[in-house]
Amino acid sequence: MDNSSFVTIAHHTKEKIMYLLQMAEEFEKCPNRKLLDGRIVATLFFEPSTRTRLSFETAANRLGAKVIGFADPKVTSGTKGETLKDTIMMVSNYADIIVMRHYLEGAARYASEIAPVPIVNAGDGSNQHPSQTMLDLYSIYKTQGTLENLNIFMVGDLKYGRTVHSLLMAMRHFNPTFHFIAPESLAMPNEYKKFCQQNNLEFTEHTELDKEVISNADILYMTRVQKERFTDLMEYERVKDSFLLNNAMLELTKPNMRILHPLPRVNEIAYDVDDNPKAYYFQQAKNGLYAREAILCDVLGITLDDIKR
Ligand code: CP
């Protein structure tokens, strides 16, 4: 077991989050720093990904590491019946760090308990997506100049969306006011609402997305309805197009407001929004490179001072 794994944002202190953001800021100034020369990064993706896998691999490459792994579990010996435990133990023989995405909640936690190398959770079912949270926090910090006292609106699939679950937990340090906008069947789960109550975080729930509701948002965090998590596809069909943000709906929003989306988008943000200066989702994805360079360095014991040297 290696205790430097990054499997959840829940255990990160405010100081640790701000420290990682400072590291990300350094990498944005200069992404190419050969701090991981001679290291091997394994990326094990048991679920599809575009941004997370490619930005982790870009981060590793820009840091001078070499990358091994798979983007599709069908090409692995898992198809012959090899267990997750055995796969993790094998890859630990070859790599200095394992970045993994898995469809089962808790898979990264489990891997971190058995692996002799650090595990980075690149998304586990509908549970957590902590590296996404770091790039979300970096994006919020860059666009708002602070993480404190913001009105954060989370829209869409709040039941299965792991990005909103992680972000909610991380924001507990920064006195946010949350607004949860979702169809009733995709509302924020009770465990996260309870988390808000236990941490004195104010939240309001809505079932409609309209311009009056979002007028005082600082961050409008749109999410996709997670088709792959539904057991009843009729239910997916019923809710899949619940909310579509378009330019006209942004009329009353504050000048500082920015629209984030972890992507991919399916039908939540109309293309006419892309040219609106309040649209920030493509830059947000770019910030993933810097945030993930910071994460890879941190779990391997490389400090902010090492980066600045
Ligand atoms: N945001 C995100 O996790 O995107 P991918 O599924 O493409 O990695």
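A brief report on the enclosed structure follows. (Residues numbered from 1 in each chain as written. Predicted model: local features only at pLDDT ≥ 70, side-chain atom pairs only at ≥ 80, totals over all residues. Heavy atoms only, no water.)

1. Focus on the site of the ligand
Inclusion rule: We call a residue near a molecule or strand whenever a single non-hydrogen atom of that residue lies within 4 Å of it. Any pair of nitrogen or oxygen atoms within 3.5 Å is treated as a polar contact; in protein, a donor-acceptor pairing is required on top of that, and neighbouring residues in sequence qualify only through side-chain atoms on both sides. All accessible-area figures derive from a Shrake-Rupley calculation using a 1.4 Å probe, and residue coverage is judged against the displayed protein chains alone. Charged residues are taken to be Asp, Glu, Lys and Arg, nonpolar residues to be Ala, Val, Leu, Ile, Met, Phe, Trp, Tyr, Cys and Pro, and polar residues to be all remaining types, Gly included. Source of the domain bounds: an automatic or database domain assignment.
Around the ligand, the neighbouring residues are Ser49, Thr50, Arg51, Thr52, Arg101, His129, Gln132, Pro262 and Leu263. The separation between an oxygen atom of the ligand and a polar side-chain atom of Ser49 is 2.6 Å. Between the ligand and Thr50 there is a distance of 2.8 Å, counted from an oxygen atom to a backbone nitrogen or oxygen. Burial of the ligand by the protein amounts to 91% of the accessible area it has alone, namely 250 Å². Looking at the shell around the ligand residue by residue, the class counts come to 2 nonpolar, 5 polar and 2 charged. Lining the shell around the ligand are residues from two domains, each supplying at least three of them: domain 1 (14–128 + 288–308) and domain 2 (130–285).

2. Concerning the side chain of Ser139
Let me state the cut-off plainly: Labels follow the DSSP assignment, with helices taken as runs of H or I lasting at least four residues and strands as runs of E lasting at least two, numbered in each case from the N terminus. Burial here depends on accessible area, computed with a 1.4 Å probe over protein chains only, as a share of the maximum for the residue type. Under 20% is buried, over 50% is exposed, and the range in between is partly exposed. Contacts are assigned to residue pairs that have any heavy atoms within 4.5 Å of one another.
Within the fold, Ser139 resides in helix 5 (residues 130–144). Its relative accessible area of 0% is what places Ser139 among the buried residues. Not counting the four nearest positions on each side in its chain, Ser139 is found in contact with Leu260, Tyr280, Gln284 and Asn287.

3. Things to note about the packing of aromatic side chains
Our working rule: Two aromatic rings from Phe, Tyr or Trp, using only the six-membered ring of Trp, form a pair when their centres are within 6.5 Å; if the ring planes differ by under 30 degrees the pair is stacked, by over 60 it is edge-to-face, and anything between is tilted.
Across all of its chains, the model carries 6 aromatic pairs by this definition. With a centroid separation of 5.5 Å and an interplanar angle of 70°, the aromatic rings of Phe230 and Tyr236 are classed as edge-to-face. The class of Phe230 is buried, set by a relative accessible area of 11%. Its relative accessible area of 9% is what places Tyr236 among the buried residues. Ring geometry for Tyr281 against Phe282: centres 5.1 Å apart, planes inclined by 65°, an arrangement best described as edge-to-face. What makes Tyr281 buried here is its relative accessible area of 1%. By the ring-pair criterion, three or more aromatic residues cluster together here, those being Tyr160, Phe230 and Tyr236.

4. Let's talk about the sheet that holds strand 6 (residues 177–181)
As a reminder, the rule being used: Only when DSSP finds a minimum of two bridges between them are two strands counted as paired. To get an axis, a line is fitted to the C-alpha atoms, and for a helix only the part in contact is used. The angle between two axes follows their N-to-C directions and goes from 0 to 180 degrees.
Pairing within the open sheet is parallel, and its 5 strands lie in the order 7-6-5-8-9. Two strands bound the open sheet, and with one partner strand each, they are strand 7 (202–206) and strand 9 (258–260). Shown here is a sheet whose adjacent strand axes are inclined to one another by a mean of 20°, direction ignored. Judged from the 3 bridges that link them, strand 8 (residues 219–222) and strand 9 form a sheet pairing that is parallel. Bridging across to strand 9, Ile219 finds its partner in Arg258.

5. Overview of helix 6 (residues 162–170)
With respect to burial, helix 6 is a largely interior element, 9 of its 9 residues being buried. Those residues of helix 6 lying buried are Arg162, Thr163, Val164, His165, Ser166, Leu167, Leu168, Met169 and Ala170.

6. Looking at the pattern of salt bridges
Put simply, the test is: Salt bridge, as used here: a side-chain nitrogen of Lys or Arg that lies within 4 Å of a carboxyl oxygen of Asp or Glu.
The final tally for this structure, using the stated rule, is 16 salt bridges. The salt bridge involving Glu28 is made with Lys142; its shortest N-O contact spans 2.9 Å. Taken as a pair, Glu28 in helix 1 (residues 14–29) and Lys142 in helix 5 lie far apart in primary sequence, 114 residues in all. With a relative accessible area of 36%, Lys142 lands in the partly exposed category. Lys240 is the partner of Glu237 in a salt bridge, and the nearest nitrogen-oxygen pair spans 3.0 Å. Take Lys240: its relative accessible area is 29%, and that puts it in the partly exposed class. Overlapping salt bridges, with partners in common, bring together Glu26, Lys29 and Arg33 in one network.

7. Some remarks on unusual backbone geometry
Pro264 follows Leu263 through a cis peptide bond whose omega is 5°. With respect to the helices and strands, the residue Pro264 is situated in the loop between strand 9 and helix 9 (281–299). Although it is not a glycine, Asn200 sits at a positive phi angle of roughly 55°. Positionally, Asn200 belongs in the loop between helix 7 (190–198) and strand 7. For Asn200, a relative accessible area of 68% corresponds to the exposed category.

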